[in-house]
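# Summary of the model geometry
What follows is the residue order along each chain.
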Amino acid sequence: MQISVYKKPLADWIHRFKFHQQYWLDQPLARLLLLAVKQAQREHGLALPEVILPVPLFWQRHWKRGYNQSELIARYLSRWLDIPLDTQSLSRIRHTASQRELTAQERRLNLKNAFRFRPQAGKFYERIAIVDDVVTTGSTLNAICREIKQAGVQEVQVWTLARA
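Since the structure is predicted, the reported quantities are computational estimates derived from the model, not experimental observations.

Let's shift gears to the packing of helix 2 (residues 26–44) against helix 4 (residues 69–81). Put simply, helix 2 and helix 4 touch, their axes get as near as 9 Å, and they point 50° apart. Of the possible angle classes, the one that applies to helix 2 and helix 4 is oblique. Judged by the sense of rotation from one axis to the other, the crossing of helix 2 with helix 4 is right-handed. From helix 2, Asp26, Gln27, Leu29, Ala30, Arg31, Leu33, Leu34, Val37 and Lys38 reach across to helix 4, where they touch Leu72, Ile73, Tyr76, Leu77, Trp80 and Leu81. In terms of residue class, the contact of helix 2 with helix 4 is built from 11 nonpolar, one polar and three charged.

Okay, structure coming up:
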């Protein structure tokens, strides 16, 4: 599920949010995504997930940026939809090059074995929503979904602001 294709003005907002420290855009962007979720519930009978997982950043990138843009958006969605947010079970376990300049094939290779899904003790999820800011080729989400499906999760929903 997405709000829009990656075009103005949404593209500008996402870019400012992600690369220019305008983290205060988290709430308005999350509100747009909430409206898309609610619309999918009404029009398509979307069943809400048991948990929301933001796409993780590698610790060095998180430290350099100062925040994970997907996690900021996911926090609001978690609160507004009353769905638990899990920031521990899914992790990026190795540094990867920035995806922005890579071809689709390079992106897939770049992300090989980059993620780990280890639910907390006693947790088993059947339906998960992954929150990301922008989907370009889908390589990141495909790598994450492979990990999650191997753990026995039945349904993975992707909630994203835009598709490039």
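Continuing now.
With 23 residues, the main nonpolar core has Leu29, Ile52, Ile73, Leu77, Val131 and Trp159 as its most contacted residues. Looking at this core, the elements with two or more residues in it are helix 1 (10–19), helix 2, helix 4, strand 5 (127–135) and strand 6 (155–163). Ignoring anything within four residues of it in the chain, the contact list for isoleucine 73 reads Phe17, Asp26, Leu29, Ala30, Leu33, Val131 and Leu161. Counting residues in each nonpolar core, the second largest holds 19 residues, with Val55, Phe115, Tyr125 and Val153 among its members.

The next point concerns the pattern of salt bridges. As enumerated under the stated definition, the model contains four salt bridges in all. With a shortest N-O distance of 3.6 Å, aspartate 12 and lysine 8 are connected by a salt bridge.

Time to look at the packing of helix 1 against helix 2. One can describe the packing of helix 1 onto helix 2 by two numbers: an axis separation of 10 Å at closest approach and a directional angle of 135°. Accordingly, the angle class assigned to the pair helix 1 and helix 2 is oblique. Crossing of helix 1 against helix 2: the hand is left-handed. Here Leu10, Trp13, Ile14 and Phe17 of helix 1 lie close against helix 2, whose contacting residues are Asp26, Leu29 and Leu32. Within the contact of helix 1 with helix 2, the residues separate by chemical class into six nonpolar, no polar and one charged.

Take helix 1 next. Those residues of helix 1 lying buried are Leu10, Ala11, Ile14, Phe17 and Lys18. Burial along helix 1 is one-sided: seen end-on, the buried residues are contained in an arc of 130°. Two residues or fewer past helix 1, glutamine 21 is found with a positive phi of approximately 60°.

It is worth spelling out the pairing of strand 2 (residues 51–54) at this point. Covered by surrounding structure in strand 2 are Val51 and Leu53 together with Ile52 and Pro54, the residues of both alternating faces. Strand direction decides the pairing type here: strand 2 and strand 5, joined by four bridges, are parallel. Residue pairing for strand 5: valine 51 is matched across the bridge by isoleucine 128.

With the rule as written, the count across this model stands at four aromatic pairs. A ring pair is formed by tyrosine 23 and tyrosine 67, whose centres lie 5.9 Å apart and whose planes are at 65°; its orientation type is edge-to-face. Of this pair, tyrosine 23 sits in the loop between helix 1 and helix 2 while tyrosine 67 sits in the loop between helix 3 (59–65) and helix 4, and the two are 44 residues apart along the sequence. On the basis of relative accessibility, which here comes to 8%, the residue tyrosine 67 falls in the buried class. Members of the aromatic cluster, joined through ring pairs, are Phe17, Tyr23 and Tyr67. In this structure, arginine 31 is placed above the aromatic ring of tryptophan 80, and the distance from its NZ or CZ to the ring centre is 4.0 Å.

What counts and how
Residues numbered from 1 in each chain as written. Predicted model: local features only at pLDDT ≥ 70, side-chain atom pairs only at ≥ 80, totals over all residues. Heavy atoms only, no water. Axes fitted to C-alpha atoms, helices over the stretch in contact; angles between N-to-C directions. Helix = DSSP H or I, 4+ residues; strand = E, 2+ residues; numbered from the N terminus. Parallel < 35°, antiparallel > 145°, perpendicular 65-115°, else oblique. Left-handed = near helix turned anticlockwise from the far one by under 90°. Contact = heavy atoms within 4.5 Å. Nonpolar A, V, L, I, M, F, W, Y, C, P; charged D, E, K, R; others polar. Core = buried A, V, L, I, M, F, W, Y, C linked by side-chain atoms within 4.5 Å. Buried < 20%, exposed > 50% of the residue type's maximum accessible area, 1.4 Å probe, protein only. Salt bridge = Lys/Arg side-chain N within 4 Å of Asp/Glu carboxyl O. Arc of directions from axis to C-beta. Pairing = 2+ DSSP bridges. Phe/Tyr/Trp six-rings, centres within 6.5 Å; stacked < 30°, edge-to-face > 60°. Lys NZ or Arg CZ within 6 Å of the ring centre and 35° of its normal.

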